[in-house]
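Observations on chain architecture
Residues per chain are reported as follows:
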2 protein chains.
Amino acid sequence: MVAEVLVTGGAGFVGSHTVLVLLQNGFKVVVLDNLVNAVSEGPKPEALVRVEKLTKKSVEFHEADLSDSKALDDIFSSHNFECVIHFAALKAVGESCQLPLAYYRNNVAGTLSLLEAMKKHKVHRLVFSSSATVYGDPQYLPLDETHPTGQGCTNPYGRTKFFIEEMLVDLCKAEQQWQVVSLRYFNPVGAHPSGQIGEDPLGIPNNLMPYVSQVAIGKRSELQIFGDDYDTVDGTGVRDYIHIMDLADGHVSALERLLGSDPLQGFNAINLGTGKGNSVLEVVAAFEKASNKKLKYKIVARRAGDVATSFADPKLAKELLGWTAKKDILDMCKDAWNWQVQNPNGFRSSDKN
Amino acid sequence: MVAEVLVTGGAGFVGSHTVLVLLQNGFKVVVLDNLVNAVSEGPKPEALVRVEKLTKKSVEFHEADLSDSKALDDIFSSHNFECVIHFAALKAVGESCQLPLAYYRNNVAGTLSLLEAMKKHKVHRLVFSSSATVYGDPQYLPLDETHPTGQGCTNPYGRTKFFIEEMLVDLCKAEQQWQVVSLRYFNPVGAHPSGQIGEDPLGIPNNLMPYVSQVAIGKRSELQIFGDDYDTVDGTGVRDYIHIMDLADGHVSALERLLGSDPLQGFNAINLGTGKGNSVLEVVAAFEKASNKKLKYKIVARRAGDVATSFADPKLAKELLGWTAKKDILDMCKDAWNWQVQNPNGFRSSDKN
């Protein structure tokens, strides 16, 4: 029998790439998304339309918010989900400082509604989209899963991920039947190699790679680099960038482990990272190589809350999920650029930025 | 003009005593309570009926849950609240380990709904019912407000209080107009000196004093003391017990400070404790004196998550609110006993325990 999986936030960046790999691996996929971070010019979000074209398979789509318990209840009632992969969330760090209530409402209360529906419908397997931001300022490197969490989270976005993990820990302690994998992403970038789906930020990008892409294509005049006086190889911040296809594979590996013959039990936090860091200037150099363009940049002041260096210890993912990242920073830049060139306006049919 | 105050959870133990003192201080009080932790045998919860008798003033009462945004909206629309005092919460530590989702739903999501309603109706003053449990295992004593929070919280109840404080901190950073006092209670006990209102736990009491009262009156056969091998004066756990009337006064002091000519701004965490601890055996001795009864007790194993000693540094409350606790452990026991003797079944007209 084909296993059916509910993917919340499946129209977003990580969600859509994961849906693609799920379909390629024979899963039946139902997506729930409120389209806050996705473009839809027809009955289905454009990212999923393209996923369907790429895979020649179809995805059931529901436009709904997690706070809509009636919609959730209907979706759960009419399917037999083996597992939920939960991406749906607001995700802009800066915005979360301006609109903390919206972040707690969407991310924390939204997840609560999802968990309540899962409990009601006896679906106890969950892959949760967490973030390395739960580690706060690293006390040591590489960051492994036993590193303290929730201390020195500098923004509400990060706190929502931390709070949700804590709720999941408590839930798994109280009810033995839960099987939860919380995937702590480092810095997902890149795009599907086809260039048909990729990261499509609304407005000014918050993250480095889409910003770099938009500078390369002439949409933004120059890149701002926040500080070159960190204690790193060249003074700019070092992050563990991970190719979105590697990340998507990580979700499918987690899912397969939960559905397999020796499933993980209870709450399991697992890093998804490459284990190596690249500085901002290294990313710029790789992007210049991938795009064959010279990128204009300017060093500006550090940004509050940014840490010098962050990278993963990826051993546990290998041990528990049999997963390792395969692609390097040049692959990430090539695929990001390929997506950008083919889709100068992202998923929109014209430039509305 | 008379200042109007919304009190959520105003039919509960701390809530009802605070409502009484608010009325005595000339405030107009509107109570919202879902009656999960309160007895009501008529249109108004019995605690509030008695508060009205004691004060000869009336309280407007609404039976509603914080998740009912329509009810909240109606209440805010039809009043001009100067401030909200927010007690409404589930509060049983042990139960929170069994039912974590219910605790996160009621306490965290409930508070979010309240904050959203306050924001919508431009009410930006809040006194929040927090707890010393946010400090976790004390790193030093006495516990002052700069002690780390959220580390080593051993139960979901404590985590809900910590999460709410973090949300309030974020909210106050994002929006300058908020004025929030988060009162971190130590161990509230006792009752109004009239014996007309007091603590009325449903089922087997979770806390020491009501348990002791029920042993003294013959409702429970003996007291279980969880461990006598702690590093304390007599081996039993030491806590900072605070008389409920002192605690109620603390809330009114906080409210008056927020409404005064030099109001506190932003987020302010303030301890409400006496600054001295009493061991379980000291409480038993004081209760025996107050009740003139011999109490049977048994030493049993330590309880997971209990710390040896916890007591407040109460200086900040004195400095910011001009408040100090006045009553001692004997007062607390006398008033608890007086309440118990006059109300063997609490607020119920017959014993349903």
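Residues numbered from 1 in each chain as written. Chains lettered and ligands numbered in written order. Predicted model: local features only at pLDDT ≥ 70, side-chain atom pairs only at ≥ 80, totals over all residues. Heavy atoms only, no water.

**Some words on the interface of chain B and chain A**
Taken together, the contact between chain B and chain A spans 23 residues of the former and 23 residues of the latter. Carbon and sulfur atoms supply 64% of the area buried between chain B and chain A, which totals about 2,200 Å² over both sides. Area buried by chain B at its contact with chain A is led by Leu101, Arg105 and Asp170 of chain B, which between them contribute 29% of it. One can count 6 salt bridges joining chain B with chain A. Where arginine 159 of chain A meets aspartate 170 of chain B, a salt bridge forms, and the shortest distance between an N and an O atom there is 2.6 Å. (Contact = heavy atoms within 4.5 Å. Buried area = accessible area lost by both parts, 1.4 Å probe. Salt bridge = Lys/Arg side-chain N within 4 Å of Asp/Glu carboxyl O.)

**Points about the packing of aromatic side chains**
Tallying each qualifying case throughout the model produces 15 aromatic pairs over all chains. Ring centres of tyrosine 135 of chain A and phenylalanine 186 of chain A lie 6.5 Å apart, and the angle between their planes is 35 degrees; this geometry places the pair in the tilted category. Highlighted residues: tyrosine 135 of chain A in the loop between β5 (125-131) and α6 (156-174) and phenylalanine 186 of chain A in the loop between β6 (179-185) and β7 (187-189), separated in sequence by 51 residues. Neither residue differs from the other here; tyrosine 135 of chain A and phenylalanine 186 of chain A are each classed as buried. Members of the aromatic cluster, each reached through a chain of ring pairs, are Tyr104, Phe162 and Phe163 of chain A together with Tyr104, Phe162 and Phe163 of chain B. In this structure, arginine 302 of chain A packs its charged tip against the face of tyrosine 230 of chain A, placed 3.9 Å from the ring centre. (Phe/Tyr/Trp six-rings, centres within 6.5 Å; stacked < 30°, edge-to-face > 60°. Helix = DSSP H or I, 4+ residues; strand = E, 2+ residues; numbered from the N terminus. Buried < 20%, exposed > 50% of the residue type's maximum accessible area, 1.4 Å probe, protein only. Lys NZ or Arg CZ within 6 Å of the ring centre and 35° of its normal.)

**Observations concerning the nonpolar core**
Leu6, Phe76 and Met118 of chain A together with Leu6, Phe76 and Met118 of chain B are the most contacted members of the largest nonpolar core, which has 78 residues in total. Contact partners of methionine 118 of chain A, with chain neighbours within four places excluded, come to Phe76, Val84, Val123, Arg125, Leu126 and Trp178 of chain A. (Core = buried A, V, L, I, M, F, W, Y, C linked by side-chain atoms within 4.5 Å.)

**Things to note about the side chain of glutamate 288 of chain B**
Structurally, glutamate 288 of chain B can be placed in helix α9 (residues 280-291). When near neighbours in sequence (up to four residues on either side) are disregarded, glutamate 288 of chain B contacts Lys293, Lys294 and Leu295 of chain B.

**Let's talk about the sheet that holds strand β6 (residues 179-185) of chain B**
All names here are of chain B. Pairing in this open sheet of 7 strands is parallel, and the strands run β3-β2-β1-β4-β5-β6-β11 from one edge to the other. Of all the strands in the sheet, just β3 (60-63) and β11 (266-272) have a single pairing partner and so form its edges. When strand polarity is set aside, the average angle formed by the axes of neighbouring strands in this sheet is 20 degrees. Summarising the sheet, strand β2 (residues 28-33) and β3 pair through 4 bridges and their orientation is parallel. (Pairing = 2+ DSSP bridges. Axes fitted to C-alpha atoms, helices over the stretch in contact; angles between N-to-C directions.)

**Focus on unusual backbone geometry**
Residue and element names in this part refer to chain A. Here the residue pair leucine 141 and proline 142 is connected by a cis peptide bond, since its omega of -5 degrees sits within 30 degrees of zero. One non-glycine residue, leucine 35, lies in positive phi territory at about 65 degrees. Position of leucine 35 relative to the elements: it lies in the loop between β2 (28-33) and α2 (46-55). Here the phi dihedral of lysine 122 falls at roughly 60 degrees; this positive angle occurs in a residue that is not glycine.

**Let's talk about the relation of the copies chain B and chain A**
What relates the two chain copies is a rotation about an axis together with a slide along it. Aligned on chain A, chain B shows an RMSD of 0.0 Å; the corresponding rotation is 180 degrees and the shift along the axis is 0.0 Å. What the rotation and shift describe, once combined, is the action of a two-fold rotation axis. Residues of chain B ranked by C-alpha distance from the rotation axis are headed by alanine 109 of chain B, positioned 2.9 Å from it. Both copies contact each other with a shared surface, as 100% of the interface residues of chain B are interface residues in chain A too. (Least-squares fit on C-alpha atoms with pLDDT ≥ 70 in both.)

**A few points about helix α7 (residues 208-216) of chain A**
Residues and elements named next belong to chain A. A large share of α7 lies buried, amounting to 9 of its 9 residues. Where α7 is concerned, the buried positions are Leu208, Met209, Pro210, Tyr211, Val212, Ser213, Gln214, Val215 and Ala216. At its buried positions, α7 is contacted by β7, β8 (223-226), β10 (241-243), α9 (280-291) and α11 (329-342). Positive backbone phi, approximately 90 degrees, marks glycine 218, located one or two places after α7.

From the geometry alone we can't say anything about function, so treat these as descriptive.
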